[in-house]
Amino acid sequence: VRLWRCRCRALLSRPAGAVRARRGLAAGPEMHFGFQSVTEEERREKIYQVFENVAKKYDVMNDSMTLGIHRVWKDILMHKMNPCPGTLLLDVAGGTGDIAFRFINYVRSVRQRQLQRKLKHHQDLSWQEIFESYQKDKFNSLGDSQVVVCDINREMLKVGKQKAQHLGYSEGLSWVLGNAEELPFDDDKFDVYTIAFGIRNVTRIDLALQEAYRVLKPGGRFLCLEFSHVSNPLLSRLYDLYSFQVIPVLGEVIAGDWRSYQYLVESIRQFPPQEELKAMIEDAGFFKVDYENLNFGIVAIHSGFKL
């Protein structure tokens, strides 16, 4: 007993920082980086390096790895969102702008159809009134919609900004450097939160989901597009063969980077399956959580609402 009391007094007499440091050292959880076991900080640094390495070839590799099907998956995500003019979207881990550009195109199309219906139902408008309506719509083609692209990686954001400039996207679009686990935005700010092929690379998925819930307005929607687990056994074996034998080779040939694409393949196998991710989204506070498998579960779209 006396020995136990002495140890307690010794521990309490140490500086608080020393106690915390020792506790952190002992409790530092091991995490997956592909098939490797690493610390949380190592995983964060390694993933940052992966995307810094692949940023310039990211879009080309997406087309090569998925045979262009990733474009269809992202279109399906946008149609599932079905944003209306005035929607405020936060796209997390969206550095190269794929979701943001689709959002802008979609809202512009909706606005155009709204204007055409309006003019169709007002047959008595003069040419001058019709002209003025089109001019007004030209300068407000998004109907006050905004999309904020938030990404932790500077190189990915740099590529996205260059694409936006090249493709002529500027209205209703902003770029923010930020961590999905600690978003630099106020509570209850956004109508929709999207994360496409990004949550798999977040160090703490639970924290990212909590942040998604925090920044959404009541009634706001969470949408996640991510590689998932294939349900068909035969397709699963073929998919594994393609993933491990072909994708790293493509990474070496196109991007000069075998290891980064080997990690990306391995990270898919370590990612929670559909039902497990659904439970995590519910644990973060979301309601009406469901998911839709695409291509037998090669990818899945998870959806939830902040009610």
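Residues numbered from 1 in each chain as written. Predicted model: local features only at pLDDT ≥ 70, side-chain atom pairs only at ≥ 80, totals over all residues. Heavy atoms only, no water.

Looking up the protein chain in an unreviewed UniProt entry gives the name COQ5 protein, with the organism given as Cettia cetti. You can read under Function (unreviewed entry) in the UniProt record for the protein chain the words "Methyltransferase required for the conversion of 2-decaprenyl-6-methoxy-1,4-benzoquinol (DDMQH2) to 2-decaprenyl-3-methyl-6-methoxy-1,4-benzoquinol (DMQH2)." Looking at the Subunit (unreviewed entry) heading of the UniProt record, one finds this comment for the protein chain: "Component of a multi-subunit COQ enzyme complex, composed of at least COQ3, COQ4, COQ5, COQ6, COQ7 and COQ9. Interacts with PYURF; the interaction is direct, stabilizes COQ5 protein and associates PYURF with COQ enzyme complex." (UniProt positions renumbered as here; feature names shortened; annotations may be inferred.)

A separate point is the pattern of salt bridges. With the rule as written, the count across this model stands at 17 salt bridges. Between glutamate 181 and arginine 44 there is a salt bridge, with its nearest N and O atoms 3.1 Å apart. Placement of the pair is glutamate 181 in the loop between strand 5 (173-177) and strand 6 (190-196) and arginine 44 in helix 3 (residues 40-54), with a sequence separation of 137 residues. For arginine 44, a relative accessible area of 23% corresponds to the partly exposed category. Here glutamate 171 ties to arginine 108 by a salt bridge, and the two come within 3.9 Å at their closest N and O atoms. Here glutamate 171 is found in the loop between helix 8 (154-167) and strand 5, whereas its partner arginine 108 is found in helix 6 (residues 98-120), with 63 residues between them in sequence. Salt bridges sharing common partners tie together Glu40, Glu41, Arg44 and Glu181. (Salt bridge = Lys/Arg side-chain N within 4 Å of Asp/Glu carboxyl O. Helix = DSSP H or I, 4+ residues; strand = E, 2+ residues; numbered from the N terminus. Buried < 20%, exposed > 50% of the residue type's maximum accessible area, 1.4 Å probe, protein only.)

When two helices pack together, their arrangement is given by the angle between the helix axes and the distance between those axes. Interaxial distance between helix 10 (residues 233-245) and helix 11 (residues 247-255) falls to 3 Å at its minimum, and their mutual angle equals 30°. Considered as vectors, helix 10 and helix 11 are oriented roughly parallel to each other. Listed contacts from helix 11 to Tyr242, Ser243, Phe244 and Gln245 of helix 10 are Ile247, Pro248, Val249 and Leu250. Looking at side-chain class alone, the contact of helix 10 with helix 11 contains six nonpolar, two polar and no charged residues. (Axes fitted to C-alpha atoms, helices over the stretch in contact; angles between N-to-C directions. Parallel < 35°, antiparallel > 145°, perpendicular 65-115°, else oblique. Contact = heavy atoms within 4.5 Å. Nonpolar A, V, L, I, M, F, W, Y, C, P; charged D, E, K, R; others polar.)

With that settled, consider the pairing of strand 7 (residues 216-227). Here strand 7 lies mainly inside the structure; nine of its twelve residues are buried. In the sheet, strand 6 pairs with strand 7 via six bridges, with the strands oriented parallel. The residue of strand 7 that forms the bridge with valine 192 is arginine 221. You can see the chain leave strand 6, run along helix 9 (residues 205-215) and come back into strand 7, and the turn it takes is right-handed. Taken together, the seven bridges between strand 7 and strand 9 (residues 299-305) define a ladder with antiparallel strand orientation. Looking at strand 9, one finds that leucine 223 is bridged to serine 303. (Pairing = 2+ DSSP bridges. Right-handed = clockwise from strand over helix to strand, strands pointing away.)

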